[in-house]
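Structural description and commentary
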Amino acid sequence: MRRNRAVLAVVVLLLGYTAADAADVAPGFLTTDPPPAEAQPFPDIALPGGSLAAPAVAGPDDSAEVPTTAGLEEVVAAFSADSRRTGSFGLVIADAITGEVLLDHDGGTARPPASSLKILTGAASLSTLGAGATLTTSAVLSGDSTVTLVAGGDTLLAAGEGNPRATDGHAGLGDLAARTAEALAERGIDEVAVDLDDTLFTGPDYHPDWGPIDRTFVSAVQPIAIDSGRTGSGYSSDPGADAVVAFADALESRGVAVSGVDRGVAPEDAEELGSVESAPITAVVRHMLKSSDNSLAEVLSRLVAVERGAETTFPGATGAVRGALSDLGVDVSDVTMSDASGLNPASTVPPAVLVDVLRLANNPDNPAVHGLSSGLPVGGLDGTLAERFTADAAGQVRAKTGTLVRSASLSGLVTTADGRPLHFSVITSNLQVGTHRLAHQAIDTLVTDLAACGCR
């Protein structure tokens, strides 16, 4: 009798669990849910144009009205009479679509372009180094006790971790130290001396004509730096030393003892422990143009010299830039480059040459310099034009600024009210000392008038 009761209890339990399983209350393969529907094929999606290709972006409107020379002369006459502008000026305006020069006011006379000179340096850098090229900073081991930080021209390094979405700080010395420490650990090395090999450049760090005031706007020209050599109080007089100390500190923070820091030349047979890469040259040039980075302009010119087999001195670097421009078909016979940044007023360029380079950058037959125009600051938006052209011409002007004590310039692209893009370059020189800001205002009025004009 007891056995029958036990069997009955088991049967009841099994029936109860089966019911719970079917109701999906208890785990199991039974269910009272209806069977799932059969799988359906993925629906077809109709794409615009029938493909995933990016839509074509319309270029400049070549049907837009072209300003007449007479109309432009009225705008220039107003600029000539502007009491805020002292001294003399040169101005060239050209149709950005056809390349035709529409107005030339003493555009063949060379004047100090100030930082507009960086347009020439940028074009030479893009065409010589290559838009997609990167700059390598590496660490190598010689023997079993010396790690050498080898400078490769990247002066936009971060002291710690790099940011792959940034240009300034794209590569980080902290990342390089981490890779180096890991490679040393694999070799059983826990103490090293650290050297810096910055022999990629051999010329003087400063131009002899740069005075104390100039040096507050530029670091010593060396092939390695953190944040372009900027410090809390200005610019470094030895950015390479700053970089190698930061690298050594980062090694120590990762458990590698550093017995000393010095400069030295990496042996040819040294073993690479790790490396980091800069942002592409096109991004580096864009950063140089938008921020008007004097230090970076000088470094780029020396990298052009290295690529062309020239001396990495100021004459060698500027000669290499002029040679690269000449190879592009630019007439540089009236161009004098004392430096590559425009800090020295002895650097002089005709406005006509600046317009020629800008036209070259927009020519589809010259892809080597296509990143130049897009790197220029945009009025009212970014770079050195962020606080200029903030009203009527905001977004219509893309240009490189230039300022010295006795000269002011602006060179770039402006779109008229009719939609016609114009290349222009204006350089004022022999300004009265202390009037360069007024000259900026006069130039801005000139370019704003061009943006607003039908000029027919």
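This one's a predicted model, so the numbers in the text were calculated from it and none came from an experiment. (Residues numbered from 1 in each chain as written. Predicted model: local features only at pLDDT ≥ 70, side-chain atom pairs only at ≥ 80, totals over all residues. Heavy atoms only, no water.)

**A word on the packing of aromatic side chains**
Two aromatic rings are characterised by how far apart their centres lie and by the angle between their planes. The tally for this structure, following the rule as stated, stands at two aromatic pairs. Note on Phe79 and Phe89: the rings are 4.9 Å apart at their centroids and 80° apart in plane angle, and the pair reads as edge-to-face. In this pair, Phe79 is assigned in helix α2 (residues 69-80) and Phe89 in strand β1 (residues 88-95), connecting sequence segments 10 residues apart. An identical accessibility class is assigned to Phe79 and Phe89; each is buried. Summarising the aromatic geometry, the rings of Trp210 and Phe314 are spaced 5.3 Å apart at their centres and angled 80° between planes, so their arrangement reads as edge-to-face. On the criterion of sequence distance, the pair formed by Trp210 in the loop between β5 (191-197) and β6 (230-231) and Phe314 in helix α8 (residues 314-327) is long-range, its members being 104 residues apart. Judged by relative accessible area, which is 4%, Phe314 ranks as buried. If you follow Arg85 out to its NZ or CZ, it ends over the ring of Phe79, 5.6 Å from the centre. Between Arg302 and the ring centre of Phe314, over which it is positioned, the NZ or CZ distance is 4.7 Å. (Phe/Tyr/Trp six-rings, centres within 6.5 Å; stacked < 30°, edge-to-face > 60°. Helix = DSSP H or I, 4+ residues; strand = E, 2+ residues; numbered from the N terminus. Buried < 20%, exposed > 50% of the residue type's maximum accessible area, 1.4 Å probe, protein only. Lys NZ or Arg CZ within 6 Å of the ring centre and 35° of its normal.)

**Description of the pattern of salt bridges**
This structure, assessed with the given rule, holds 12 salt bridges. Two residues, Arg230 and Asp227, come together in a salt bridge whose shortest N-O distance is 3.2 Å. A relative accessible area of 28% means that Arg230 is categorised as partly exposed. One salt bridge in this structure joins Asp356 and Arg359, with 2.4 Å as the shortest N-O distance. Here Asp356 and its partner Arg359 are both found in helix α9 (residues 351-362), three residues apart, which amounts to about one turn of the helix. A relative accessible area of 29% means that Asp356 is categorised as partly exposed. Beyond isolated ion pairs, a larger network of salt bridges with shared partners links Asp198, Asp238 and Arg263. (Salt bridge = Lys/Arg side-chain N within 4 Å of Asp/Glu carboxyl O.)

**Let's talk about the side chain of Ser228**
With respect to the secondary-structure elements, Ser228 resides in the loop between β5 and β6. For Ser228, the side chain forms a polar contact with the side chain of Asp293, separated by 2.8 Å. When sequence neighbours within four positions are dropped, the list of residues in contact with Ser228 reads Thr155, Leu156, Ser219, Tyr235, Asp293, Ser295 and Leu296. (Polar contact = N/O pair within 3.5 Å; in protein donor to acceptor, adjacent residues only side chain to side chain. Contact = heavy atoms within 4.5 Å.)

**Some details on the nonpolar core**
Ranked by internal contacts, the top residues of the largest apolar core, which has 47 residues, are Leu120, Leu300, Leu325, Val357 and Leu372. The set of elements that each furnish at least two residues to this core consists of α3 (118-129), α6 (281-291), α7 (294-307), α8 and α9. Those residues in contact with Val357 that sit more than four places away from it in its chain are Ile119, Leu120, Ala123, Leu325, Val330 and Leu372. Within the second largest apolar cluster, 30 residues are counted, among which are Leu72, Phe89, Leu103 and Leu431. (Core = buried A, V, L, I, M, F, W, Y, C linked by side-chain atoms within 4.5 Å.)

**A short note on the sheet that holds strand β2 (residues 101-105)**
The antiparallel open sheet is built from five strands, whose spatial order is β2-β1-β12-β11-β10. With one partner strand each, in any of the chains shown, β2 and β10 (397-404) form the two edges of the open sheet. Taking each pair of neighbouring strands and ignoring which way they run, the sheet shows an average axis angle of 5°. Two elements, strand β11 (residues 407-415) and strand β12 (residues 421-429), share eight bridges in a ladder whose sense is antiparallel. If you follow Ala408 over to β12, its bridge partner there is Thr428. Contacting β1, β2, β11 and β12, α9 runs over the sheet at an angle of about 155° to β12. (Pairing = 2+ DSSP bridges. Axes fitted to C-alpha atoms, helices over the stretch in contact; angles between N-to-C directions.)

**Let's talk about the confidence of the model for the protein chain**
Do not read the predicted coordinates in detail wherever pLDDT is low. Per-chain confidence: the protein chain averages 90 in pLDDT, with 87% of residues scoring 70 or above. Below pLDDT 50 for its whole length, residues 6-14 participates in zero contacts with residues either more than four positions away or in separate chains. (pLDDT = per-residue confidence, 0-100.)

**Description of the environment of Arg111**
Residue position: Arg111 is located in the loop between β2 and α3. Overall, Arg111 belongs to the buried group, its relative accessible area being 6%. Considered as a pair, Arg111 and Thr428 are 317 residues apart in the sequence and their alpha carbons are 7.7 Å apart. Discounting chain neighbours no more than four positions away, the residues touching Arg111 are Ser88, Phe89, Gly90, Asp106, Ser347, Thr348, Val349, Pro350, Ile427 and Ser429. Engagement of the side chain of Arg111 in a polar contact is seen with the side chain of Ser88, the distance being 2.7 Å. Among the polar contacts listed, one links the side chain of Arg111 to the side chain of Asp106, at a separation of 2.5 Å.

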